[in-house]
Amino acid sequence: MQRNSLRHGVALFNRAHFFDAHEVLEDVWRSVPRDCTSRRHLRLHLQGLVQLAVAFHHQSTGNHVGARSVLERAMRNLNGADSSFPDLDLERLRAELEIWRQHLDDSKGASEKKLHGRDVRRHDVLKSSALPLPKIMRRR
């Protein structure tokens, strides 16, 4: 696995450069051989990081449905990722992602209602959020 590229992808994610993070992390994911059973979990966990970047790219463009869908898959694929990324604080990340999952669920309901007599669009609800973006941090 390309450790420097992984660090670079995580740094891009943490700076909210989600599209670029997705590209870098996807290259890392592709570099892990598919036919190696001992690396199967690593590939799945890397795929979860790629999906996480994609989910927040969707969120940043106002694609609520895409963000919610991909975030759910990312969270599933990051289960057990502590073994693949022991130096990352995945417990904290999971807690932040759960808050975002709930926020996206709540935003979905709000986007289907009217606010002050006008239709509320998905991007209005998401852009008005003061919810901090998640960070992929190293363990302390």
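Above this note sits the structure.
Residues numbered from 1 in each chain as written. Predicted model: local features only at pLDDT ≥ 70, side-chain atom pairs only at ≥ 80, totals over all residues. Heavy atoms only, no water.

Once that is clear, we can look at the side chain of Ser84. Secondary-structure assignment places Ser84 in the loop between helix H4 (64–77) and helix H5 (90–111). A relative accessible area of 13% means that Ser84 is categorised as buried. Setting aside residues no more than four positions away along its own chain, Ser84 makes contact with His41, Leu42 and His45. (Helix = DSSP H or I, 4+ residues; strand = E, 2+ residues; numbered from the N terminus. Buried < 20%, exposed > 50% of the residue type's maximum accessible area, 1.4 Å probe, protein only. Contact = heavy atoms within 4.5 Å.)

For the rest of this paragraph, the subject is helix H2 (residues 18–31). With 14 residues, H2 extends 20 Å from end C-alpha to end C-alpha; this agrees with the ideal 20 Å at 1.5 Å per step. Taken together, the buried positions of H2 are occupied by Phe18, Ala21, His22, Val24, Leu25, Glu26, Val28 and Trp29. Here the buried face of H2 lies against helix H1 (3–14) and helix H3 (40–60). (Expected span 1.5 Å × (residues − 1).)

To continue, consider the packing of aromatic side chains. Taken as a whole and assessed by the stated rule, the structure comprises four aromatic pairs. Consider the rings of Phe13 and Phe56, whose centres lie 6.1 Å apart with planes at 90°: the pair is edge-to-face. Here the residue Phe13 occupies a position in helix H1, and Phe56 occupies one in helix H3, the gap between them amounting to 43 residues. Here Phe13 matches Phe56 in class, with each residue buried. Through successive ring pairs, a cluster of aromatic residues spans Phe13, Phe18, Phe56 and Trp100. (Phe/Tyr/Trp six-rings, centres within 6.5 Å; stacked < 30°, edge-to-face > 60°.)

Residue Ala16 is not a glycine yet carries a positive backbone phi of 65°. Looking at where Ala16 falls in the secondary structure, it is placed in the loop between H1 and H2. Residue classification places Ala16 among the partly exposed residues on the basis of a relative accessible area of 37%.

Without other data, these values stay purely geometric and don't point to any function.
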